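Each chain, written out:
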Amino acid sequence: MSALLEHDRFSVRTGDGAPPNDIDVDFGFGRGDDSAARRTLRQQISKLERELSEIFVTAFLMGGLEHHVDDGDVGQPRLLDIGELEQIRDDLAERLHAARGRVSQRADQFEANRLLLERMLVEPARYRYARVALRDIGERGCGAYEVRPRLGLVGMLAGWWHVKLSSGCPLAMGRGVSRGPEITTGRCASS
Amino acid sequence: MEELGVSAASGFVEPELQDEFPGLRLDWLTVEAHDGRSTSGIRKRLDGLSNRFRGMSVISMRTQPIPRAYRTFFRHIGLDPDATMVPAEAAAVVRLRDGGFRSTGLLRDALLVALVETGVPVWALDADHVDAGGLGIRTTVEGDRLGTGELAGYLAPGRLAVVDRANVHSLLFGEVAGAHAVTKRTRHITLFSVAVEGVPVIHLEEALWLCVEVLSSGE
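None of the values given here were measured: they were computed from a predicted structure. (Residues numbered from 1 in each chain as written. Chains lettered and ligands numbered in written order. Predicted model: local features only at pLDDT ≥ 70, side-chain atom pairs only at ≥ 80, totals over all residues.)

J.: For the overall build of chain A, give the residues involved together with the corresponding values.
T.: Counting its secondary structure elements, chain A contains 4 helices and 5 strands. Mapped from its N terminus to its C terminus, chain A presents α and β elements in the order α-β-β-α-α-β-β-α-β. When burial is assessed residue by residue, chain A has 18% of its 191 residues classed as buried. (Helix = DSSP H or I, 4+ residues; strand = E, 2+ residues; numbered from the N terminus. Buried ≥ 20, exposed ≤ 12 C-beta atoms within 10 Å, placed from the backbone.)

In structure tokens form, the structure reads like this:
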């Protein structure tokens, strides 16, 4: 508590020990007042929860976040003391930091893949059989861009290459079972 | 709610809790129990509510004001909303899992309609177990038990609970004590709802109103 109050401003601790420069919250409570300190910590938790929720949605569109929920650690509702609130705030800050890192990493991957796709489109012959899935550039669907020879073997021999976008997701029900000739064992009713 | 002949009362909140959580509020009311099944109209309403949810809408639910308010409050009181889901998210997950909201009886349907329509949870108690002074929220003390009877377990002190002057009916946002739950023998039902900071009072009132409306339209 005293350590907490010694600073007018704090940086949230992270897993690697390095303070992230993107999470920075003002301290606004009066010194020596526990309830004010708790109120400020709750405000910080609210802010972190809001940001974490927003980044959760963003990350979902980019492949989701890894998050482990310990089913055995289900607490009961209670009035938390400063130490517990600090712990929650620090955990949230750590998760937010990790989530931002993950989103940033995915964004970089998407960017690199988009660049590759542009190069494939400009010079397909240089990127023979290169393949970029839609989900690898942050788009929805099961399709993929692939450099293929025009007219199959002819294109391969002649050096005619182009980028094709596959048709997308397979049908949920398949094409159905092809039916062979019906075999009937009974007598013909007609004639 | 006047047209339905009922009006909600504001429950008490322990002063220390009110200081810590200014938006914390409990409203309650008592209605006559309607024993019966849901009408086809209620089942259709549940179908309609099911159609509001798609995968992405459930994912983004936590960014909406009311579920977010409850998620934040859960954090404030030591619950992890990813482990103990807030009621609206829990209902949405059930909807995705089951493919739709299924009718499970008039009372449960009424509570579900209120929750999905407003995002505000409503709980029901057998009114015979509720003290005339009404419901409220306080922290538990040594010797408090969840419910009444031989099976009522002791609660750790310092827990937030929904109580009346005599009994603890449930932990906040938890299931109501088995002995106080609504049964077929219940004659009157006490409905209560809890709002937290960020949840407009009108949503609380609407949740209770919807619940009463559905209960009164049962077969």
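After presenting the structure, the write-up continues.
J.: Which residues make up the overall build of chain B, and what values do they have?
T.: A tally of regular secondary structure across chain B gives 7 helices and 8 strands. Within chain B, buried positions represent 46% of all 219 residues.

J.: Account for the interface of chain B and chain A, naming residues and giving values.
T.: Across the boundary between the two partners, chain B contributes 25 residues, which contact 26 residues of chain A. Of all the elements, helix α4 (residues 65-76) of chain B adds the most residues to the side of chain B that touches chain A, at 5 residues. Here the residues of the side of chain B that touches chain A are counted per class, giving 8 nonpolar, 8 polar and 9 charged. (Contact = placed C-beta atoms within 7 Å. Nonpolar A, V, L, I, M, F, W, Y, C, P; charged D, E, K, R; others polar.)

J.: Got a sec to walk through helix α5 (residues 87-98) of chain B? Specific residues and values, please.
T.: All names here are of chain B. The terminal C-alpha atoms of α5 lie 16 Å apart, and with 12 residues this matches the ideal 16 Å at 1.5 Å per residue to within 8%. Turning to α5, its buried residues are Pro-87, Ala-88, Ala-91, Ala-92 and Arg-95. All buried residues of α5 fall inside an arc of 140° around its axis, so they share one side. For α5, the secondary structure elements touched by its buried residues are α2 (40-50), α3 (55-59), α4 and α6 (106-118). Note on α5: the residue one or two positions beyond its end, Gly-99, has a positive phi of about 85°. (Expected span 1.5 Å × (residues − 1). Arc of directions from axis to C-beta.)

J.: So what's going on with the packing of α2 of chain B against α6 of chain B? Residues and values would help.
T.: Residues and elements named next belong to chain B. The geometry of α2 relative to α6 is characterised by a closest axis approach of 11 Å and an angle of 35° between their N-to-C directions. Regarding α2 and α6, the two cross each other, and that crossing is left-handed. In this structure, α2 uses Ile-42, Arg-45, Leu-46 and Leu-49 to contact α6, whose residues at the interface are Asp-109, Val-113 and Val-116. Its residues assigned to classes, the contact of α2 with α6 comprises 5 nonpolar, no polar and 2 charged. (Axes fitted to C-alpha atoms, helices over the stretch in contact; angles between N-to-C directions. Left-handed = near helix turned anticlockwise from the far one by under 90°.)

J.: Give me the lowdown on the confidence of the model for chain A, citing residues and values where you can.
T.: Residue and element names in this part refer to chain A. On average, residues of chain A score 75 in pLDDT, and 68% of them are at 70 or above. Averaged over each element, pLDDT in chain A is lowest for strand β1 (residues 9-11) (37) and highest for helix α3 (residues 82-122) (93). Low pLDDT, under 50, characterises residues 1-32; the predicted model gives this stretch 39 contacts beyond four residues in sequence or across chains. (pLDDT = per-residue confidence, 0-100.)

J.: Any chance you could break down the nonpolar core for me, citing the residues and the numbers?
T.: Core analysis: the biggest nonpolar cluster contains 84 residues, and Leu-191, Leu-208 and Cys-211 of chain B have the highest contact counts within it. Those residues within four positions of Cys-211 of chain B in sequence are excluded, and the remaining contacts are Ala-110, Leu-111, Ala-114, Val-122 and Leu-191 of chain B. Among the nonpolar cores identified, the runner-up in size contains 5 residues, and Met-120, Val-132, Tyr-145 and Trp-161 of chain A belong to it. (Core = buried A, V, L, I, M, F, W, Y, C linked by C-beta atoms within 7 Å.)

J.: Outline the pairing of strand β4 (residues 122-126) of chain B, supporting the account with residue identities and numerical values.
T.: Residues and elements named next belong to chain B. With 5 of 5 residues buried, β4 lies mostly within the body of the structure. Pairing of β4 with strand β8 (residues 188-195), which is carried by 5 bridges, proceeds in the antiparallel orientation. The partner of Leu-125 across the bridge, within β8, is Thr-190. (Pairing = 2+ DSSP bridges.)

J.: Now, about the sheet that holds strand β6 (residues 160-163) of chain B: what can you tell me, with residues and values included?
T.: Within a sheet, each strand pairs with its neighbour through backbone hydrogen bonds, oriented either parallel or antiparallel. All names here are of chain B. On the basis of which strands lie adjacent, the open sheet formed by 4 strands has the order β2-β5-β6-β7 and mixed pairing. This sheet does not close on itself; its edge strands, each paired only once, are β2 (12-13) and β7 (168-171). Where strand β5 (residues 136-139) lies against β6, 4 bridges are found, and the strand directions are antiparallel. By the bridge assignment for β6, Gly-136 is matched with Val-163.

J.: For the sheet that holds strand β3 (residues 131-133) of chain A, give the residues involved together with the corresponding values.
T.: Residue and element names in this part refer to chain A. Read from one edge of the open sheet, 3 strands run β3-β4-β5, paired in antiparallel fashion. The open sheet terminates on both sides in strands that have one partner only, identified here as β3 and β5 (161-165). Adjacent strand axes in the sheet meet at a mean angle of 25° when their direction is disregarded. Where strand β4 (residues 144-149) and β5 come together, 5 bridges link them in antiparallel fashion. Residue pairing across strands places Tyr-145 opposite Leu-165, the latter belonging to β5.

J.: Just give me the short version of the environment of Leu-115 of chain A, but keep the residues and values in it.
T.: Residue and element names in this part refer to chain A. For Leu-115, the position within the fold is in helix α3. Classification of Leu-115 as exposed rests on a count of 11 C-beta atoms within 10 Å. It is 9.5 Å that separates the C-alpha atoms of Leu-115 and Ile-137, two residues lying 22 residues apart in sequence.

J.: Quick one: what's the story with the environment of Leu-165 of chain A, residue by residue and with numbers?
T.: Residues and elements named next belong to chain A. Looking at the secondary structure, you find Leu-165 in strand β5. Judged by C-beta crowding, with 12 C-beta atoms within 10 Å, Leu-165 ranks as exposed. Residues Leu-165 and Asp-136 lie 29 residues apart in sequence; the distance between their C-alpha atoms is 14 Å. Apart from residues lying up to four places away in sequence, Leu-165 is in contact with Gly-143 and Tyr-145.

J.: Which residues make up the environment of Gly-133 of chain B, and what values go with them?
T.: All names here are of chain B. Relative to the elements of secondary structure, Gly-133 occurs in the loop between β4 and β5. Its 11 C-beta neighbours within 10 Å are what place Gly-133 among the exposed residues. Taking the C-alpha atoms as reference points, Gly-133 and Gly-11, separated by 122 residues in sequence, lie 9.1 Å from one another.

J.: How would you sum up the packing of α6 of chain B against helix α7 (residues 201-216) of chain B? Please name residues and give values.
T.: Residue and element names in this part refer to chain B. Two numbers describe how α6 lies on α7: the axes approach to 8 Å, and their chain directions differ by 150°. Remark: the crossing between α6 and α7 carries right-handed chirality. Residues Leu-106, Leu-107, Asp-109, Ala-110, Leu-111, Val-113, Ala-114, Glu-117 and Thr-118 of α6 touch α7, and the partners they reach there are His-203, Glu-206, Ala-207, Leu-210, Cys-211, Val-214 and Leu-215. Of the residues belonging to the contact of α6 with α7, the class tally is 11 nonpolar, 2 polar and 3 charged.

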